[in-house]
Each structure stands twice: as C-alpha cells, then as structure tokens.
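Chains, contacts and geometry: an overview
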Amino acid sequence: MRPIVALLCLVAAPLAAQGPVPELPGAGRPVDVEAHRARRAQLAERLGNGVVLVPAAERRDPEKDVLQDGDFRQDDYFFYLTGIETPGAWLMLVARQGSVGIVTLFLQPRNPFVERWMGVQLGPGEDAVRLTGIEQVLAWHPDSLKRAVRGAEARGGVPFYAVMYPGTSGDDQILEWLMTDREVRNVVPVMDSLRVVKDEVSLAALRRAIAITTEGIKAGMRTAQPGMHEYQLEALIEYTFRDLGADRLGFPSIVGSGPNSVILHYDLSRRQMQAGDLVVVDVGAEYAQHTADVTRTFPVSGAFTDRQKAIYDLVLETQDAIIGAVKPGVTVRDLNRIARAHLRDHSGDRCGEPDCSRYLVHGISHWLGMRVHDVGDYGMPLEPGMVLTIEPGIYLPDENLGVRIEDDLLVTETGAEVLSAGAPRTTVDIERLMQTAEQRQATGSD
Ligand code: GLY
Ligand code: MN
Ligand code: MN
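**Focus: the nonpolar core**
In this structure, Leu233, Val281, Phe298, Leu335, Leu382, Leu388 and Ile394 are the most contacted members of the largest nonpolar core, which totals 71 residues. Setting aside anything within four residues of it in sequence, one finds leucine 382 in contact with Val326, Lys327, Pro328, Gly329, Val330, Leu335, Trp367, Leu388 and Val411. Formed by 35 residues, the second largest nonpolar core is a distinct cluster that contains Leu81, Ala95, Tyr161 and Leu194.

What follows is the structure, encoded as structure tokens:
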C-alpha cells in the first residue's frame, strides 16, 4: 500500500454500498456503441477465425512514475475496440468465419475503497452492458479469463491473437500463461491496418483536437512579443488547449525561438525571445485519445524580415506543392520526392549552392491518429480516410533561422482536406493576426 494511502485510510470511513452508476462512470465519454461494434466486426472479418485478447492499460503510480499530470490514458488498442477509459480491464473477442462470435469484457469489480480515492468506476453488471454495447461483461479475475479462453478453445481449434508491442511480447502474466501451451499470434499489424484508415469516431476526435490546437496557436500568435520567455508562450498555448477541453498534450510542446528554431524537437523552452527572432511552435492537443500535430513559425515581434519571408515563402510553396499532390494512390515516399524536387527547382540562391533541399533534414510526413506518429505501414498508397501530416522545413543554423510549417490532412476521394486550415499560414495572414492583436493591446480595446 502506498504510504499516503495508508496514512489517509486511517481517517477515511468505509463507504456505503454503491448505488446504480451514473453515465459512464470511470469509463470516459459516452461510447458510440454501433461504431465500436463495427470496428470489432471489421477485425473479425480480417481475422476469419481466432480469439483475440486485448488488455486495458493499468493505472499509473504517481509515487513511481514521472507523470505529466497523473491522469490515466487508456491502451490504444483496447480503446479502439471498446471506447472506454476503464483501467485494468480485458477484452476477449471470438471471430468465427469472418464474423464476431462471443465478445466478453472483463471489468474489475467495483471497490468502495478504491472509489473513495479514484472516483466511481464502471464495474461488471447491467450498466456496463448497456453503456458499452458488449453483451457479456464479467468480473475480472485471472481465473475467469483463463476459463473463458479454455471454453473458446474447446469450442474449436482457433488461433489465439494478443496485443504484442515490439519487444514486450510475453512479459505479461496472462500472455505468458497463454503462450505456454499455445501458439499466440500478434494482432497488432492487423489492428494497425484498420487504425490507419479513420472512421467517423476517429475523425470527429481528430477534428476536435485539431480545432483546439489551431485556437491555441492563434492565442500564441496574438500574445507573443519580445521579452517573453518560450515557456510563457508554451504555457499560454497549453492553457488554451485545456481551456477548450483538451484531455492532455499529444506530445511535448516544441516552442523554439531564434537559435532553438533549428532544433527539431527542442524541448526546454527556457530562452527569452528577442525582437527579430522567429519562433517555431509545434504543438498538438489530444482529445478523446486522438492528437493533432500542427506547426506554425512566426516572428516574435509581429513582422517577418525580408530574409525570413524569403525562406518562409519557399517552405510554404513547398508545402503547397506537396499538399496539391496528396490523393489516393500516392505514397509518402512520393511526397518526400516531390518536396525535395520542389526545393531543388525553386530555391534560387536562397541557401547558396546547390539549393535548400540539404537543409530539409527530416521526412515531410507521418500518419496521425491516436498517436502523433501513428501506426501504419508507410509503403501503403494513400486511401480516402487516412490522416497524415505535411511538414516541410528549412533549418539554417548559421543564421539561427528555422522554419517549419505543418498541417494535418485527411485524404479524400479526389485529393485532401486540410484539417488544420484554421491556423494562419501565409506571412500576410500571420502578420495581420499578430498586428491586429498588438493594436488592440495598445488601445486597450477588446
Ligand atoms: N511534433 C512532432 C512531429 O512533427 O513529428
Ligand atoms: Mn509531425
Ligand atoms: Mn509536429
């Protein structure tokens, strides 16, 4: 028992028996039951026959872990198939000839002592059946899961599947037990190929995460000024995320000014920003376990210099060229080639000889979804429903001049929709927003 719990439990009176649970207690937001049923059906269709075991995440321990804010984040694969944020649960899904057979959700029994500390939890029972749309909800115990596994096995020699992250397979006790006498296959590649094409539930979460993120960036543009520290700008942006309902950050915010603008994943945010600096702001709010990933680069004092504008416009035109090429059938490799070819052909003398492409020092795209660098095979040609970033940059360390512009795109039947278009992207639009905000501050008007 953790010391603080031990101390306070001396004064905590036992709770009365629990009544009916309110809407989705300890399980997160209401579940779109039909959408999650459709995801399970898709998985069964892919697998044909098999028994899939997917554990939820465990609670984290603030005494041991270094946490951002101590909150629980569900395992992505479990969340994808259930939509619930309850810790310590398991899902067992039986696929038979491409259809879903029995689905069983194992939930920790409710515990008044734990609930006094952590809030009401979703436990086994009628409420859980109704709220999750899963017909069989049993109390979690290793023996009850093992019984269910043996039952499924007895009903027909099916392969077993489990979630095995690279390098971690077999270190869980249940998984070890399962693997002792059986061949267990990894369900991750199949689930990743489903996750890479977003359904409506994922898209709604992504749209919201991205809308929150663009508002945070705009708040940053309105407020930035010489003398401010990077951490103050970061705090303002992250405040805006939480103020607008973000659950957490999708990744550590990057707020790099002047010399830090050329450090790709700069993380310290301690520098005091100076007039004449550009600041690269690469941030993402997370909402409903989906994250945005948007970058804007802007002048701390509200106006680009001619040199900054020249580099910025080259990055912007490169991004336009890549975005114009996004459509079904194209690969991420093609997009990288287009970016480099554009820089080769349009740099002029902006970076000296031979051209600016050697200052683009990273890939220009990755999948986006439940993770910032989301799962999925990069050799796959684009399909409608995929979401990816487009993020060219030029980094000139000798000039302390880094520019990255990153947007989030949904592939459509004919091209792409820029989901992050709400954040100003041209030098004219950025300056207009920053200077209007400055005038407002100067005149004290709203
Ligand atoms: N924010 C990290 C990246 O753009 O990949
Ligand atoms: Mn990115
Ligand atoms: Mn980014």
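That covers the picture; the talk isn't over yet.
**Examining the sheet that holds strand S17 (residues 416-418)**
With antiparallel pairing, three strands are arranged side by side in an open sheet as S13-S16-S17. The open sheet has two free edges, formed respectively by strand S13 (387-390) and S17, since each of these has just one partner strand. Sheet twist, expressed as the average angle between the axes of neighbouring strands with direction ignored, equals 35 degrees. Here S13 pairs with strand S16 (residues 407-411) via four bridges, running antiparallel. Pairing of leucine 388 across the sheet is with leucine 409, part of S16. The sheet contacts of helix H11 (residues 306-325) involve S13, S16 and S17, and relative to S13 the element is tilted by about 155 degrees.

**Regarding the environment of proline 142**
Within the secondary structure layout, proline 142 lies in helix H6 (residues 142-154). Along the chain, proline 142 and glutamine 173 lie 31 residues apart, while their C-alpha atoms are 9.2 Å from each other.

**A look at unusual backbone geometry**
A cis amide bond, omega -10 degrees, links glutamate 353 with the succeeding residue proline 354. Considering the arrangement of structural elements, one finds proline 354 in the loop between helix H12 (332-346) and S13. A positive phi angle is found at glutamine 289, which is not glycine, with a value near 65 degrees. Here glutamine 289 shows up in the loop between strand S10 (285-287) and strand S11 (290-291). Of the residues examined, glutamine 289 reaches a relative accessible area of 3% and is grouped as buried. In this structure, asparagine 400 is a non-glycine residue whose phi angle is positive, near 50 degrees. As for its placement among the helices and strands, asparagine 400 is situated in the loop between strand S14 (393-396) and strand S15 (401-404).

**Digging into the packing of H11 against H12**
Where H11 contacts H12, the two axes come as close as 9 Å, and the packing angle between them is 140 degrees. Comparing the axis directions of H11 and H12 gives the class oblique. Relative to H12, the crossing made by H11 is right-handed. Note on element contacts: H12 touches H11 through Leu335, Ile338, Ala339, His342, Leu343 and His346, opposite Leu314, Glu317, Thr318, Ala321, Ile322 and Ala325.

**Quick notes on the coordination of the manganese ion (ligand 3)**
For the manganese ion (ligand 3), the full set of protein donor atoms is Asp282 (OD), Asp282 (OD), Asp293 (OD) and Glu406 (OE), and the range of their distances to it is 2.0 to 2.5 Å. Considering all six donor atoms around the manganese ion (ligand 3), angles at the metal cover 56 to 173 degrees and the coordination shape is irregular. The sequence motif formed by the donor residues of the manganese ion (ligand 3) is D-x10-D-x112-E. The metal-metal distance between the manganese ion (ligand 3) and the manganese ion (ligand 2) is 3.2 Å, with aspartate 293 serving as a donor to both. One end of the pair, aspartate 293, is in the loop between S11 and strand S12 (294-299); the other, glutamate 406, is in the loop between S15 and S16, with 113 residues separating them in the sequence.

**Section: the site of ligand 1**
Around ligand 1 sit Phe251, His265, Asp282, Asp293, His366, His373, Glu391 and Glu406, and those are all the residues in its vicinity. Aspartate 282 places a polar side-chain atom, nitrogen or oxygen, 3.0 Å from a nitrogen atom of ligand 1. A distance of 3.1 Å separates an oxygen atom of ligand 1 from a polar atom in the side chain of glutamate 391. In the complex, 94% of the free accessible area of ligand 1, which totals 200 Å², lies under the protein chains.

**Regarding the pairing of S12**
When you tally the buried positions in S12, you get six out of six residues, the bulk of the element. The two faces of S12 match: Val294, Arg296 and Phe298 on one face and Thr295, Thr297 and Pro299 on the other face are all buried. Sheet topology note: the strand S9 (residues 278-283)/S12 ladder contains six bridges and is antiparallel. Paired with aspartate 282 across the strands is threonine 295, a residue of S12.

**Considering the coordination of the manganese ion (ligand 2)**
Those donors, Asp293 (OD), His366 (NE2), Glu391 (OE) and Glu406 (OE), are the protein atoms that reach the manganese ion (ligand 2), and they lie 2.0 to 2.2 Å from it. For the manganese ion (ligand 2), the six donor atoms in the first shell make angles of 49 to 155 degrees at the metal, so the coordination geometry reads as irregular. Binding-site remark: the manganese ion (ligand 2) is held by donors from one chain whose sequence spacing is D-x72-H-x24-E-x14-E.

Each value, and the rule that gives it
- Residues numbered from 1 in each chain as written.
- Chains lettered and ligands numbered in written order.
- Predicted model: local features only at pLDDT ≥ 70, side-chain atom pairs only at ≥ 80, totals over all residues.
- Heavy atoms only, no water.
- Core = buried A, V, L, I, M, F, W, Y, C linked by side-chain atoms within 4.5 Å.
- Buried < 20%, exposed > 50% of the residue type's maximum accessible area, 1.4 Å probe, protein only.
- Contact = heavy atoms within 4.5 Å.
- Pairing = 2+ DSSP bridges.
- Helix = DSSP H or I, 4+ residues; strand = E, 2+ residues; numbered from the N terminus.
- Axes fitted to C-alpha atoms, helices over the stretch in contact; angles between N-to-C directions.
- Parallel < 35°, antiparallel > 145°, perpendicular 65-115°, else oblique.
- Left-handed = near helix turned anticlockwise from the far one by under 90°.
- Donors = N, O, S within 2.8 Å, 3.2 Å for Na, K, Ca; no water.
- Tetrahedral: all angles 85-135°; square planar, octahedral: opposite > 155°, others 65-115°.
- Near = heavy atom within 4 Å.
- Polar contact = N/O pair within 3.5 Å; in protein donor to acceptor, adjacent residues only side chain to side chain.
- Areas by Shrake-Rupley, 256 points an atom, 1.4 Å probe, with all protein chains shown as cover.

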